[in-house]
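Structural description and commentary
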Amino acid sequence: SQTIHQWPATLVQPVGSPLSLECTVEGTSNPNLYWYRQAAGRGLQLLFYSVGIGQISSEVPQNLSASRPQDRQFILSSKKLLLSDSGFYLCAWMEGVGETQYFGPGTRLLVL
Amino acid sequence: QKEVEQDPGPLSVPEGAIVSLNCTYSNSAFQYFMWYRQYSRKGPELLMYTYSSGNKEDGRFTAQVDKSSKYISLFIRDSQPSDSATYLCAMTRTSGSARQLTFGSGTQLTVLP
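Predicted model, so just to flag it, every value in this text is computed and none were measured.

Details of the sheet that holds strand E1 (residues 3-7) of chain A
Residue and element names in this part refer to chain A. The strand order across the open sheet formed by four strands is E1-E3-E8-E7, and the pairing between neighbours is antiparallel. The sheet terminates laterally at E1 and strand E7 (65-70), the two strands that pair on one side only. Neighbour to neighbour, the strand axes of the sheet diverge by 20° on average, direction disregarded. Here E1 pairs with strand E3 (residues 19-26) via five bridges, running antiparallel.

This is the structure we're talking about:
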């Protein structure tokens with residue numbers, strides 16, 4: 001069966017510091033991968049998605065970037081965090097010809 | 001106007017009640033419809049998905065889609081305190097080379113024992 005991991009689970013970072021969040025998927029090959037941000041009490045905002053190694057599409061221009069160095073690894077990064085980057089970050093995967101996405105446990109980021 | 005509208009609640013019901021959660025959408029290109037349940041501080045988990053108008057039942061949950069009215073619903077029968085969570089509707093359209101989901105903002109449900 002497929003499993004999706006995210007780490008760290010919780011992160012507190014000062015403004016201006018760098019960020020690296022990691023997501024890995026097990027049990028599937030060549031999945032579509034997605035990064036979302038969920039602000040408190042709000043819906044899900046799609047940040048990036050990837051259909052293959054090195055292929056990244058950005059949905060919203062902002063302070064973040066994403067990379068996919070391996071088939072089942074997706075990384076969300078920032079060079080300098082802003083207060084507005086605080087939120088709950090979710091990674092999700094979907095089979096290439098699937099219709100539904102499956103989410104990881106999420107990373108809660110607090111920028112102070 | 002948002003593509004998907006969902007009443008944020010909060011919704012509070014007694015145990016055993018029938019719960020109705022609803023979403024409306026404006027984009028006729030949406031093809032598949034899903035409901036996710038999200039417990040506090042957890043990732044969303046897929047509850048049900050369907051692609052045709054009509055009803056789909058799974059245990060105490062029934063998903064209903066009316067494409068002519070652009071309206072979807074999730075019914076929960078015999079609600080339990082363990083159903084207390086935020087429920088997100090989601091829909092897919094194809095954009096570029098990857099399917100993307102458009103989410104409602106979520107309805108927070110509390111089932112009181």
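Some thoughts on the nonpolar core
Grouped together as the largest cluster of nonpolar side chains are 24 residues, with contacts concentrated most on Trp35(B), Ile72(B), Leu74(B), Tyr87(B) and Met91(B). In this structure Met91(B) touches Val4(B), Cys23(B), Tyr25(B), Phe30(B), Tyr32(B), Phe33(B), Met34(B), Ile72(B), Gln100(B), Leu101(B) and Thr102(B), once residues within four positions along its chain are discounted. Ranked by size, the runner-up nonpolar core spans 20 residues in total, among them Ile4(A), Phe48(A), Ala66(A) and Leu81(A).

A short note on the pairing of strand E2 (residues 10-13) of chain A
Residue and element names in this part refer to chain A. Side chains Leu 11 and Gln 13 of E2 all project onto a buried face; the interleaved residues Thr 10 and Val 12 project onto a face where none is buried. Of the pairings in the sheet, the one linking E2 to strand E11 (residues 107-111) comprises four bridges and is parallel in character. Bridge pairing in E11 places Val 12 opposite Leu 110.

Some words on the packing of aromatic side chains
Residue and element names in this part refer to chain A. Under the defined criterion, the tally for this structure stands at twelve aromatic pairs over all chains. Here Tyr 34 and Tyr 36 contribute two aromatic rings whose centre-to-centre distance is 6.4 Å and whose plane-to-plane angle is 25°, an arrangement assigned as stacked. Assessed through its relative accessible area of 0%, Tyr 36 is described here as buried. Ring centres 5.5 Å apart and planes at 45° place the aromatic pair Tyr 36 and Phe 103 in the tilted group.

Observations concerning the sheet that holds strand E1 (residues 4-6) of chain B
Residue and element names in this part refer to chain B. Here we have five strands laid out as an open sheet, ordered E1-E3-E8-E7-E6, and antiparallel in their pairing. The open sheet has two free edges, formed respectively by E1 and strand E6 (54-58), since each of these has just one partner strand. Pairs of neighbouring strands in the sheet enclose a mean axial angle of 15°, with direction left out of account. Across three bridges, the pairing between E1 and strand E3 (residues 19-25) is antiparallel. Looking at the pairing, Glu 5 lines up with Thr 24 of E3.

Reading the values: rules and limits
- Residues numbered from 1 in each chain as written.
- Chains lettered and ligands numbered in written order.
- Predicted model: local features only at pLDDT ≥ 70, side-chain atom pairs only at ≥ 80, totals over all residues.
- Heavy atoms only, no water.
- Pairing = 2+ DSSP bridges.
- Helix = DSSP H or I, 4+ residues; strand = E, 2+ residues; numbered from the N terminus.
- Axes fitted to C-alpha atoms, helices over the stretch in contact; angles between N-to-C directions.
- Core = buried A, V, L, I, M, F, W, Y, C linked by side-chain atoms within 4.5 Å.
- Buried < 20%, exposed > 50% of the residue type's maximum accessible area, 1.4 Å probe, protein only.
- Contact = heavy atoms within 4.5 Å.
- Phe/Tyr/Trp six-rings, centres within 6.5 Å; stacked < 30°, edge-to-face > 60°.

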